[in-house]
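A structural walkthrough
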Amino acid sequence: MDDDSTRRTGVAIRVAVVGAGGRMGAEVCRAVDAADGLELVAAVDPSADGTSPAGVEDGPTIVAAIGDLDGDRVDVAVEFTTPDTVRANVEALLAAGIHVVVGATGMDGDDLAAVEGAATDADRHVFVAPNFAIGAVLMMQFAAEAARHLPDIEIIERHHDGKVDAPSGTALRTADMVADARTTDVEPVGGDDRHPGARGFTHRGVPVHAVRLPGLVAHQEVVAGGVGETLTIRHDSIDRSSFMPGVVLAVRAVADLDAPLVVGLEHLL
Ligand code: NAP
């Protein structure tokens, strides 16, 4: 893909959705199709059966693999697959000359460093957001503010029972922001690890509890305890549409980022 194609003035940004058959990918296909200035030109999912993404009229036929994409015809790809596939997919998309917006969770520090290197080599950009909901970004910022004054903090995250990773990327990102904001060291009260499946974790000194139940979408509480008081900061995504304004914002912004890798929706608000 030539450089001009990523900043073609007055022309729609051509978007591919990877993981288009999944819960989030299908929603992203519809959001891109409905957004001004964006054109859904390609969709990738292993379930490819000759159909288009559900709810997209005259949409592209879903293809089975990124190798089936024509990189010259795609400006930005949105990646919503799985923790096991996301890094390789992002690297393949960059190698094809495509900017990438990443929604799939599960990439650790090593993965992000590798992706940043691949983006630099390809002269393309990667934008990663563990959570595209505006309210969730505010919840994380409020948690960081609370941590400066009430450093004893635990996180309870709740998700639908189809979520494969735990703890959630949002919870890990929140724990990072809390750990960075604390001005005093905190030694969390010791836990009991005799009960496999209880899904308790500690990330950078912040205990995280993960609930997986049918009926949930994506929810998180950050609970801070002080002397004779507690503070609870809570965010609920009650529908996957909550993530779409953030995804569309990122698709519009990714080509113009001033670094090869940017993590966190707060940088675009
Ligand atoms: P999902 O319903 O399981 O969808 C994942 C889709 O990706 C499936 O259709 C899967 O196909 C497909 N896939 C697997 N490997 C692939 C590959 N190599 N290339 C292309 N497609 C592939 O999961 P979901 O609920 O949509 O969630 C997807 C990811 O987004 C998860 O990591 C989740 O944590 C994350 N998420 C992020 C946010 C955010 O705001 N950043 C919000 C919600 C969810 P098969 O089923 O055939 O394997």
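Going by the structure above, here's the rest.
Below or above, wherever it landed, is the structure these notes cover. The structure presented is a predicted model; accordingly, all values stated were derived computationally and were not measured.

Let us now look at the pairing of strand S11 (residues 229–237). On a regular strand, each side chain points to the face opposite its neighbour's, so the side chains alternate between the two faces of the sheet. Here nine bridges tie strand S10 (residues 218–226) to S11, and the two strands are oriented antiparallel to one another. When the bridges of S11 are listed, Ala224 appears paired with Leu231.

Quick look at the environment of Met139 now. Along the chain, the position of Met139 falls in helix H4 (residues 134–149). Along the primary structure Met139 and Val222 are separated by 83 residues, whereas in three dimensions their C-alpha atoms are 8.2 Å apart. With residues near it in sequence (within four places) discarded, Met139 still touches Thr170, Gln220, Val222, Ile233 and His235.

Here the focus is the nonpolar core. If you look at the biggest cluster of nonpolar residues, it comprises 56 residues, and the most contacted ones within it are Val28, Val78, Val101, Phe127, Phe132 and Val251. When residues of this core are assigned to their parent elements, the largest contribution, eight residues, is made by H4. When neighbours within four sequence positions are excluded, Phe127 is seen to be in contact with Val100, Val101, Val102, Phe132, Ala250, Val254, Leu257, Val262, Gly264, Leu265 and Leu268. Residues Val44, Leu93, Leu94 and Met107 belong to the second largest nonpolar core, which totals 24 residues.

Bringing the packing of helix H2 (residues 86–95) against helix H3 (residues 109–122) into the picture now. The N-to-C vectors of H2 and H3 enclose an angle of 5°; their axes lie 9 Å apart at closest approach. One finds that H2 runs roughly parallel with respect to H3. Touching Arg87, Val90, Glu91 and Leu94 of H2 are Asp110, Asp111, Ala114, Val115, Ala118, Ala119 and Ala122, all from H3. Residues belonging to the contact of H2 with H3 are distributed by class as follows: seven nonpolar, no polar and four charged.

Parameters and conventions
Residues numbered from 1 in each chain as written. Predicted model: local features only at pLDDT ≥ 70, side-chain atom pairs only at ≥ 80, totals over all residues. Heavy atoms only, no water. Pairing = 2+ DSSP bridges. Helix = DSSP H or I, 4+ residues; strand = E, 2+ residues; numbered from the N terminus. Contact = heavy atoms within 4.5 Å. Core = buried A, V, L, I, M, F, W, Y, C linked by side-chain atoms within 4.5 Å. Buried < 20%, exposed > 50% of the residue type's maximum accessible area, 1.4 Å probe, protein only. Axes fitted to C-alpha atoms, helices over the stretch in contact; angles between N-to-C directions. Parallel < 35°, antiparallel > 145°, perpendicular 65-115°, else oblique. Nonpolar A, V, L, I, M, F, W, Y, C, P; charged D, E, K, R; others polar.

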